[in-house]
Amino acid sequence: MFFVVVGVFCLLFGGLLLYSKLDRQKNAKPYMARLIGMESKWVKRGSVIRQVYRAEISYKTDTIDRRAHHHEFVYYNDHAERFGIKGEFVAFIDPRISDVFYFPQEMKGKVSFGALAAFMIGAFFIIVGIILASRGM
């Protein structure tokens, strides 16, 4: 029974992650943005130390200029080559979270890997719980 309950909680958590991502994408509006820099930091994953990057932009709303950063750090630094520093492009920004932006290619329904992992873990726990319950354990 424990495994089934944990599996259901994992499925609910995956649904929450998926809903939050779809909600942010649904409410995002396109703005003309300018790449102003790249933020970088060093992270340790296991025994490997790597540098990760996040783009920073400037965009103008109806009244004021704002700054925003990409919603996640990535292992590649090709934003400056693709757009150029001070280069203009379209960025999607949810007005409720005005300091986070998405690139246009990220708005085309990319998989939320956190939600996918939660769904898979939840399904595994439910299957194991059903198997153990049918054996009387």
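Before any of the text, the structure's been laid out above.
Along each chain, residue indices are assigned from 1 in the same order as the chain's sequence is written. Residues qualify for local features only when their pLDDT is at least 70, as the model is predicted, and side-chain atom pairs are given and counted only at 80 or more; totals for whole chains, interfaces and linings, by contrast, use all residues. For the side-chain quantities, the full set of heavy atoms in the structure was used; hydrogens and water were omitted.

**Q** What's the story with the overall build of the protein chain in this structure? I'm lost.
**A** Across its full length, the protein chain holds 3 helices and 5 strands. The secondary structure listing takes helices from DSSP runs of H or I that are at least 4 residues long and strands from runs of E that are at least 2 residues long, numbered from the N terminus. Listing the helices and strands of the protein chain from first to last along the sequence gives α-β-β-β-α-β-β-α. Radius of gyration here is computed from C-alpha atoms only, and the compact-globule reference equals 2.2 Å multiplied by the residue count raised to the power 0.38. For the protein chain, the C-alpha radius of gyration of 20 Å lies well beyond 14 Å, the compact-globule estimate for 137 residues. Over its C-alpha atoms, taken along the principal directions, the protein chain stretches across nearly 65 × 40 × 20 Å.

**Q** Help me understand the nonpolar core, please; the structure alone is not making it clear to me.
**A** In a soluble, globular protein the nonpolar side chains are often hidden away together inside. To define a nonpolar core, start from buried Ala, Val, Leu, Ile, Met, Phe, Trp, Tyr and Cys residues and group those joined through side-chain atoms within 4.5 Å. Working definition: with a 1.4 Å probe on protein chains only, accessible area under 20% of the residue-type maximum means buried, over 50% means exposed, and in between means partly exposed. Grouped together as the largest cluster of nonpolar side chains are 12 residues: Tyr31, Ala33, Leu35, Ala55, Ile57, Tyr59, Ala68, Phe89, Ala91, Ile93, Phe101 and Phe103. Contributions of two or more residues to this core are made by strand E1 (29-45), strand E2 (48-60) and strand E4 (88-93).

**Q** I tried to follow the pairing of strand E3 (residues 65-70) on my own but got confused; where do I start?
**A** A regular strand places its side chains so that they alternate between the two faces of the sheet. Judged from the 5 bridges that link them, E2 and E3 form a sheet pairing that is antiparallel. Bridged to Tyr59 within E3 is Arg66. With antiparallel pairing between neighbouring strands as the criterion, E2 and E3 make up a hairpin whose turn holds 4 residues. Pairing between two strands is assigned when DSSP locates at least 2 bridges connecting them. Examined bridge by bridge, E3 and strand E5 (residues 100-102) share 2 bridges and lie parallel to one another. Within the sheet, the bridge partner assigned to His70 lies in E5 and is Phe101.

**Q** Would you take a moment to explain the pattern of salt bridges for this structure?
**A** A side chain of one charge can pair with a side chain of the opposite charge if their charged atoms are brought near each other. Should a side-chain nitrogen of Lys or Arg be within 4 Å of a carboxyl oxygen of Asp or Glu, the pair is scored as a salt bridge. The tally for this structure, following the rule as stated, stands at 5 salt bridges. Residues Asp23 and Arg96 are paired through a salt bridge, measuring 2.9 Å at the closest nitrogen-oxygen approach. Here Arg96 lies in the loop between E4 and E5 and Asp23 lies in helix H1 (residues 2-27), a separation of 73 residues in the sequence. Look at Arg96 and you get exposed, because its relative accessible area is 52%. The salt bridge partner of Glu39 is Arg54, with a shortest N-O separation of 3.0 Å. Linking Glu39 in strand E1 with Arg54 in strand E2, this pair joins segments that are 15 residues apart in sequence.

**Q** I keep staring at the side chain of Asp23 and nothing clicks. Help me out?
**A** Note on Asp23: relative accessible area 16%, which makes it buried. Polar contact is defined as a pair of N or O atoms within 3.5 Å, subject to the rule that within protein one atom must be able to donate a hydrogen and the other to accept it, and that residues adjacent in sequence are counted only when both atoms are side-chain atoms. Reaching out from Asp23, the side chain makes a polar contact with the side chain of Arg96 at a distance of 2.9 Å.

**Q** Explain the sheet that holds E2 to me, please; I cannot follow it from the model alone.
**A** Across a sheet, paired strands are connected by hydrogen bonds in the backbone, their directions being either parallel or antiparallel. Pairing is mixed in the closed barrel, where 5 strands are placed in the order E1-E2-E3-E5-E4. Here the strands of the sheet are splayed against their neighbours by 50 degrees on average, with no regard to which way each runs. With 2 bridges joining them, E4 and E5 adopt antiparallel strand pairing. Across the sheet, residue Phe92 finds its bridge partner in E5, namely Tyr102. Comment: axis = line fitted to C-alpha atoms, over the contacting stretch for helices; angle = value between 0 and 180 degrees taken between N-to-C directions.

**Q** Even after reading the chapter, I still don't get H1, so can you show me in this structure?
**A** In this model H1 runs 38 Å from its N-terminal to its C-terminal C-alpha over 26 residues, within 8% of the 38 Å that 1.5 Å per residue would give. The set of residues buried in H1 consists of Gly7, Cys10, Gly14, Lys21, Asp23 and Gln25. Throughout, a residue-residue contact means that at least one pair of heavy atoms, one from each residue, lies within 4.5 Å. Summarising the contacts, the buried residues of H1 are in contact with helix H3 (113-134). A helix is expected to span 1.5 Å for every residue after the first.

**Q** Can you help me understand the packing of aromatic side chains in this one?
**A** Here the distance between the centres and the angle between the planes together describe a pair of aromatic rings. Centre distance within 6.5 Å is the pairing criterion for rings of Phe, Tyr and Trp, where only the six-membered ring of Trp is used; planes under 30 degrees apart are then read as stacked, over 60 as edge-to-face, and the remainder as tilted. Inspection of the entire model under this criterion finds 7 aromatic pairs. Ring geometry for Phe2 and Phe3: centres 5.8 Å apart, planes at 70 degrees, overall edge-to-face. For Phe2, a relative accessible area of 60% corresponds to the exposed category. By relative accessible area, Phe3 is classed as partly exposed at 29%. Ring geometry for Phe124 versus Phe125: centroids 5.9 Å apart, planes at 80 degrees, classification edge-to-face. Judged by relative accessible area, Phe125 falls into the partly exposed class, the value being 21%. Through successive ring pairs, a cluster of aromatic residues spans Phe2, Phe3, Phe124 and Phe125. Only when the NZ atom of a Lys or the CZ atom of an Arg is both within 6 Å of the ring centre and within 35 degrees of the ring normal do we say a charge sits over the ring. Over the aromatic face of Phe73 sits the side chain of Lys41, whose NZ or CZ is 4.4 Å from the ring centroid.

Treat this as a map of the structure, not an account of what it does.
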